[in-house]
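Structure assessment
Spelled out from the first residue to the last, the chains are:
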Amino acid sequence: MSANDDKKNTEGAAPTPGSGAPSNPPPSPPNTGPRAGPEHQPPAAKPPATPPGPPPKPAPKHPGLVTVTVDGKEVAVKPGTNMIDAAKEAGADIPYYCWHPRLSVAANCRMCLVQVSNSPKLVPACQTPLTEGQAITTTSETVKDSQRAVMEFLLLNHPVDCAICDQAGECKLQDYYMQHDHQPSRLEGVKVMKNKRKVLGPRVVLDQERCIMCTRCVRFMDEVAKEPQLGMFGRGSHERIDVFPGTELDSNYSLNTVDICPVGALLNRDFRFRARAWFLSAAPSVCTGCSRGCSIYADFHGQETYRYRPRENEEINKSWLCDQGRLSYKYLDKERVVSSSIGRGTDAREATPAEAVKQAWVKLAPLVGTKGLAVMVSPVASNEDLLASLRFAKEVLKVSEVFVAGRPEGKGDNFLMTADKNPNRKGLEWIAQGLGLSLKPFDGLIPAIEGGKVKALWAVGAEVPMDAGVFASAAQGLELFVLQAFNEGPVAQAAHVLLASAPHIEDEGTFANVDGILQRFRAAYPARGESRPHWKWASDLFEAAGDTTRFVSSREVFQALASRVPELASFDWDAQAPSSQRRPGINPLPTGADGRPPGYREFGAPRVRGI
Amino acid sequence: MAEPRMDDELEGELEGHLKSKRMLVNLGPSHPATHGTVRMNMELEGETIIRADPEIGFLHRGFQKSCENVTWTQCLPYTDRLNYVSALMNNFGFLTAVEKLAGIEIPERAKYIRVIGAELHRIQDHLTCVGAVGLELGGFSAFLYAIEARELIMDRVTELTGARLTTSFGRIGGINRDLPDGWSEKVLKSLDKIHELVTEVDILLTKNRIFVDRTRGTGVISREDALDFGFTGPCLRACGVSYDLRKQSPYWVYDRMNFEVPIGQNGDNYDRYLLRIEELRQSEKIVRQALAELPAGPVIVDDWRVALPPKPEVYGTIEGVIGHFKMVMEGIQIPAGEVYDATEASNGELGWYIVSDGGGHPYKVHVRAPGFPILAGLPRMIEGRMLADMVPTFDTINMIGGEVEQ
C-alpha cells in the first residue's frame, strides 16, 4: 500500500508519500493558477510582504476564509478553492470542458469565462484565484455571449455524429449547446476532416473529428496514470490528440480517458456501439476485479450489464478505475449457470431449485461431522453470502475449517489494482474468525482429495486459484461435489449437484476491501433464470436440514449474523447504502426515450431501486 | 313530492294499481340511451327516480399519471383522448398552460390557427351533442343532419392535422404545421353547408312538440345550484350566468373576435339545447372572422430550445442534430414552477394545473374536466323526476367519459 504512488518512479517522478489511494495531481507550476491544495496557499489572514506597488489587501471578512460574491450571493470558502467550486457553493453552475477537479488546470476550453470585479476582461474561472471581496458574475450578457461564441467555435468543425456516437445522451457538447448556444450553424463551406477511427490502443479508439482539444486525457495520463502515452500534435485546425509514434495507449488506466473525455472522441472499444447511454440504468456497485473494491456504477439494461464506470469515492478510487477491473464485468453476463442440475457428465439433468437443494442435502446429510466432508468458499462471495454459508458449514455440516478458494493471484500495481483478484478476502477472514472457523489454504485441498482424505466437498463459488481444468479433473475423484457457481466451466461440469448462483450485481450486499473498508452495493436487476445468491442457497439448505434458520434477504442475513463478527457489527447496513440519485459527473438520463425508466422493458424493475 | 299511493284499499276496482316496490336499476355502463360509458345506479319508485348515483371509471386510463412519465410534447396525444369529440381544444388548452408556465409568447398566426381549430371543434362538439339529443328522443333525422355537418369538420380537421379524431395538433410554442394550401376556402365552403344543416336541425327540433315536451322543464337546475356544483360552459350559461372564459379572460385572440355569449333562463334541457344551437352560429362567426383576419408569419416560435429545428438543419448541421436530440430524448425544459390555466372548451372550463420541476417531463398534470362537476350535479337535476327525463338530461349535460374519467 505505502508504495502506491511511486509506480513510475523509475521514470524520474519523485515518489510522494503513499496514502493507499491515487494521489492528488501534483501541485501546478505557479503560472498555471490556483490548483494547488490549501496547504500550498499562503493563509489569507496574513497579508504577504508586498512590494510597494499594489494597495494592501482588505482584511478577510471571515477569518481563515475567502469571501466572494457570486451573482450577488456571498459565499465564504477556504483559500485555494477553485472558483468553479466556489460558484457551485453559491448555486451558480459555471460550464467547463477542460477543467477536472482531479487534474491540473489547462484553461484552454474557455467555456468557464466569467466576469470578475478585479479584471477588465473575462477570466477563466478554473484558473483565476479567488481574492477577498471579489464579485463574480456568471450570468451577465457578456458572459452569455462568450459562452455562446465558445460553443459555436467548438461545434464549428464537429461532425454531425450524435446518431452514431456512443457519447450521445451523456455529452457535454449536447448539454451546453442547449443551455448556452441554441443557435443555428453559421458555417459556410466544409468542416475540417480528421481521422475518425484512430485506434490508440487495445481498449481505446479515438475519433479525432469529435475532439475539442481539452487535453483532459493527456493530463490524466501524465498526472494520474503517470504513463505519458498521449500528446497533442499539429497546430491550428490540424491539431489532434494522438499517441507518440510507434507506441500505443496500452496503460491499464487507459479507459479513464474515455470517462473524462467530455465529448465522444475517446471511445471504449469494448462498449462501442453496444448500447445507447439513455437506455442504460446505473446501479451503484463495487468492482469485483480485485481486492481494492473500487466504487463503480454498473450500467445495465434488462438483465445484462454493459459497462462499469468509476463512482466517486475519496477513500478508495477517487474518480478512477483500472481497465482490468472495468472489463471484469463480463462474467456477469457470459456463460452463466441459470438453472441447477443434478448428476455429472452424461447423467446430468436439469433440476428445480427445490429438487436440487433436496438432493444436495440428501447426499450431504450422511457425511455430516465426518472427516471426509470438506467445505470450500470463495472470497468472490459477498459478506452476506459468506455469513449464511459459513454458519451452515459450522452449525449443520459441523466442520471446523474451510478451504479458501478464489481467483488466482494476478498482477498488481502501485495505483489501484492489487494482486489479489478477489473482492472480499478480508470479509472472509473476518467472518471465519467471528464464527469460529479456521481457514485453510487452498493448496492443501488437492492432495487431500487425491489422498482420499476429502471425499465430499461443498463449494461456495467455483473460482479456484489454479487451472480450472486441473482442479476439475481432481474433483472428478470426489464421491460428492456440491457446487454453487455463477458460470459454466470445467469445475461446474464436475459437480454432482450444481446450484445456480447469482453474482453480486443481482443482489445487494457488502464487500470488505483490502484495506478493510466495508462497502455496500446495490442490486441492478433480479437474479437471472433460476439462479439465487449463495445466502439463499444456504437458507434453503438450512431448511432442508430441518434447521429453523431462514433468511429472506441479504439484509436480514447481515442483521442476524453480523453481530458475531466484530468488524461487521458496527456497520450500519441501511445507512451505508450508496444513493441511487444522480451524482456529479457523467450520469445516464433519468428516464428512457419512451418515458419508462431505462432498463425497464423486460420486466418491472421498480423506478426507485434499492432499499 | 308526494309519496305514491300504495294503499289499494282506497282505490276503486277500476283504478286498482299494481303493487309496486322500489327497484334498483342499473342504467349502463353500456346502454343505448347513455352516450358515454357511464353507469347510473338508480333507485326507482315506479317510474320516479328516487336516487341516482352516476358511477364513473369505465374509461379511466390514468391520464394524469401517464403524463408524468413522458416528455411535455408526448403528453399531447394523451390530451386528445380527454374530450375526444373536440381534441383540438384539449391540445391547445394544454399547450397554452405549458406555454404560460414557460413564459412563451406564441406567434400571431399560431394564435389565429388555434382559435380556428378550437372553434371548429366547438362546432363539432355541439353538433354531436345536439344530434344525440335528437336521436335519443327519437328524432333520427336530426341526428343524421348533425352528423353530416360534423363529417365536414372532420374532413377539414383531417386535412389540417392528419387525423380525424386524435389530432395531437400544435406544439409548445405554436403549431407544428401551417394551414394546407386552399384549406381556408374549403373551410368557408364547409361552413356554408354546416350553416344550412344546423338550420335544418333547428327546424326539426326546436319547435317539435315531442322534443319540446320532453326537454322543456326537465333536468332543471337552479342558478345557485349550478354555481355551487361548479358548472361551467353551456350548462351554466343555460341557467342565466354569463360566464365564458373567452370573454372573461380572453386568451389567444378572442379579444379581437366579434361574438356574443348566449345565455338561457330556465336551466332546463331545452335551454341547454337552444344555447348550443346559438353557440354553433357564434362559433361559425368566429371562424369566418379569424380566417379573414389571419395574419401571415411563422406558426411557431423561433427558439431551438422549444421548437424542433427544421429537418435540413437536423440532418446537415451538428447544432440542429443536438437540438433535435435533446428535445426529443429529454424533452423541452420547462422552468420549475406551477401554473393553473384554463380555456373555454365546448363543455366549459377546461383547466390545467401543471407543475414542473424544471425538467423535460411534467412533475404533475391535473386536468379540471368541465364535465366532472356537471355529472356530479346530475342527481340533483333528475332525482324526484321521471325516468324518461334522465335521457334528455344526460344528453344535454354532454358528459364525455374520456375527460371526466381521465
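Residues numbered from 1 in each chain as written. Chains lettered and ligands numbered in written order. Predicted model: local features only at pLDDT ≥ 70, side-chain atom pairs only at ≥ 80, totals over all residues.

What to know about the overall build of chain B
Here is the rule: Numbering goes from the N terminus for both helices and strands, where a helix is a DSSP run of H or I of at least four residues and a strand is a run of E of at least two. Only C-alpha atoms enter the radius of gyration, while the globule expectation follows 2.2 Å times N to the 0.38, with N the number of residues. Every C-beta atom is placed from the backbone, and the number of other C-beta atoms within 10 Å of a residue's own sets its class: buried at 20 or more, exposed at 12 or fewer, partly exposed in between. Placing a C-beta atom from the backbone of each residue, one calls two residues in contact when those atoms lie within 7 Å.
When you go through chain B residue by residue, the secondary structure sums to 16 helices and six strands. The C-alpha radius of gyration of chain B comes to 23 Å, within 12% of the 22 Å expected for a compact globule of 406 residues. Out of the 406 residues in chain B, the part that is buried amounts to 52%. Counting only contacts in chain B whose residues sit at least 6 apart along the sequence, the fraction spanning at least 24 positions is 71%.

Some remarks on the overall build of chain A
Along its length, chain A carries 15 helices and 23 strands. Counting over 611 residues, chain A shows a buried share of 49%. In chain A, the share of contacts with a sequence separation of at least 24, taken over all contacts with a separation of at least 6, comes to 66%.

Re the pairing of strand β13 (residues 304-310) of chain A
All names here are of chain A. The condition is simple: Pairing between strands is defined by DSSP: at least two bridges between the two strands are required.
The buried count for β13 comes to six of seven residues, which makes it a mostly enclosed element. Note: strand β12 (residues 295-301) against β13, six bridges, orientation antiparallel. Looking at the pairing, D299 lines up with R307 of β13.

Observations concerning the interface of chain B and chain A
We apply this condition: Lys, Arg, Asp and Glu make up the charged group, whereas Ala, Val, Leu, Ile, Met, Phe, Trp, Tyr, Cys and Pro make up the nonpolar group; the residues left over, Gly among them, are polar.
Between chain B and chain A, the contact holds 18 residues from the first and 22 residues from the second. Top contributing element to the side of chain B that touches chain A by residue count: helix α13 (residues 318-329) of chain B, with eight residues. Here the side of chain B that touches chain A is built from residues that sort into seven nonpolar, six polar and five charged.

Focus: the packing of helix α5 (residues 140-161) of chain B against helix α6 (residues 183-206) of chain B
All names here are of chain B. Threshold: Simply put, an axis is a line fit to the C-alpha atoms, just over the touching stretch for a helix, and the angle between two N-to-C directions goes from 0 to 180 degrees. For this classification, under 35 degrees means roughly parallel, over 145 means roughly antiparallel, 65 to 115 means roughly perpendicular, and everything else is oblique. Throughout, a crossing is termed right-handed when the near helix is turned clockwise from the far one, and left-handed when it is turned anticlockwise from it by less than a right angle.
At a minimum axis distance of 8 Å, the contact between α5 and α6 shows a crossing angle of 165°. Judged by the angle between their axes, α5 and α6 are roughly antiparallel. Considering only the axes of α5 and α6, their crossing is left-handed. Facing α5, whose interface residues are S141, A142, Y145, A146, E148, A149, L152, I153, R156, E159 and L160, α6 presents W183, K186, V187, S190, K193, I194, L197, V198, E200, V201, L204 and L205.

Observations concerning the nonpolar core
We count it as follows: Buried Ala, Val, Leu, Ile, Met, Phe, Trp, Tyr and Cys residues form a nonpolar core when they are connected through C-beta atoms within 7 Å.
Counting residues in each nonpolar core, the largest one holds 174 residues, and the members touching the most others are V377, V402 and L483 of chain A. For this core, the leading source of residues is helix α8 (residues 383-395) of chain A, giving six residues. If you look at the next biggest cluster of nonpolar residues, it comprises 112 residues, including I49, C75, M257 and W304 of chain B.

Concerning the confidence of the model for chain B
Here is the rule: One confidence number per residue, pLDDT, is output by the predictor and ranges from 0 to 100.
When pLDDT is averaged along chain B, the result is 88, and 96% of the positions lie at 70 or above. If you check the scores for this complex, the pTM reads 0.80 and the ipTM reads 0.78.

Notes on unusual backbone geometry
Residues and elements named next belong to chain A. A positive phi angle is found at K318, which is not glycine, with a value near 50°. With respect to the helices and strands, K318 occurs in the loop between β13 and α6 (323-326). One non-glycine residue with positive phi stands out, namely E335, at about 50°. Mapping E335 onto the fold places it in the loop between α6 and β14 (340-342).

Considerations on the sheet that holds strand β4 (residues 123-124) of chain A
Residues and elements named next belong to chain A. Pairing in this open sheet of five strands is mixed, and the strands run β2-β1-β5-β3-β4 from one edge to the other. Of all strands in the sheet, those bounded by a partner on one side alone are β2 (73-77) and β4. Helix-sheet contacts for helix α2 (residues 141-156) involve β3 (113-116) and β5 (135-137), and the interaxial angle to β3 is about 165°.

Overview of the pairing of strand β21 (residues 497-500) of chain A
All names here are of chain A. Burial of the side chains of β21 extends over both faces: V497 and L499 are buried on one face and L498 and A500 on the other. As defined by bridge partners, β14 adjoins β21 across two bridges and the pair is classed as antiparallel. Across the sheet, the residue bridging to I342 is V497, located in β21. With four bridges connecting them, strand β20 (residues 480-485) and β21 associate as parallel partners. Within β21, the residue paired with A485 across the bridge is A500.

Observations concerning the sheet that holds strand β10 (residues 266-268) of chain A
Residue and element names in this part refer to chain A. The strand order β6-β7-β10 describes an open sheet built from three strands, whose pairing is antiparallel. Bordering the open sheet on either side are β6 (198-199) and β10, each of which pairs with just one other strand. Bridging between β6 and strand β7 (residues 204-206) involves two bridges; their strand directions are antiparallel. Residue pairing for β7: K198 is matched across the bridge by L206.

A closer look at helix α3 (residues 87-102) of chain B
All names here are of chain B. Rules: Here the expected span of a helix is defined as 1.5 Å times the quantity of residues minus one.
Under the 1.5 Å per step criterion, the end-to-end length of α3 is 23 Å for 16 residues, consistent within 8% with the ideal 22 Å. Across the 16 residues that make up α3, a large majority, 14, are buried. The first or second residue beyond α3 is G103, which carries a positive phi of 70°.

Let's talk about α5 of chain B
Residue and element names in this part refer to chain B. The terminal C-alpha atoms of α5 lie 30 Å apart, and with 22 residues this matches the ideal 32 Å at 1.5 Å per residue to within 8%. The inward-facing, buried residues of α5 contact α4 (108-136) and α6. G162 occupies a position one or two residues after α5 and carries a positive phi of about 95°.

Here's the deal with the environment of R274 of chain A
Note that R274 of chain A resides in the loop between β10 and β11 (281-286). The spacing of R274 of chain A and A168 of chain A is 106 residues in sequence and 13 Å in space, taken between C-alpha atoms.

Describing the environment of E383 of chain B
Within the element layout of this structure, E383 of chain B appears in the loop between α14 (371-382) and α15 (387-396). Contact partners of E383 of chain B, with chain neighbours within four places excluded, come to I49, I50, R51 and A52 of chain B.

Some points on the confidence of the model for chain A
Residues and elements named next belong to chain A. Looking at chain A as a whole, the pLDDT averages 84, with 86% of positions reaching at least 70. Low pLDDT (under 50) marks residues 1-39, which in the prediction has 67 contacts with non-local residues, meaning those over four places away or in another chain. Every residue in residues 581-611 is under pLDDT 50, and counting partners more than four places away or in other chains gives 65 contacts.

Digging into the packing of helix α3 (residues 172-181) of chain A against α13 of chain B
Taken N-terminus to C-terminus, the directions of α3 of chain A and α13 of chain B make an angle of 90°; their axes are 10 Å apart at the nearest point. Between α3 of chain A and α13 of chain B, the crossing angle belongs to the class labelled roughly perpendicular. Side by side, α3 of chain A and α13 of chain B meet where L173, Q174, Y177 and M178 of chain A of the first sit next to E319, I322, G323, F325 and K326 of chain B of the second. Considered class by class, the residues forming the contact of α3 of chain A with α13 of chain B number five nonpolar, two polar and two charged.

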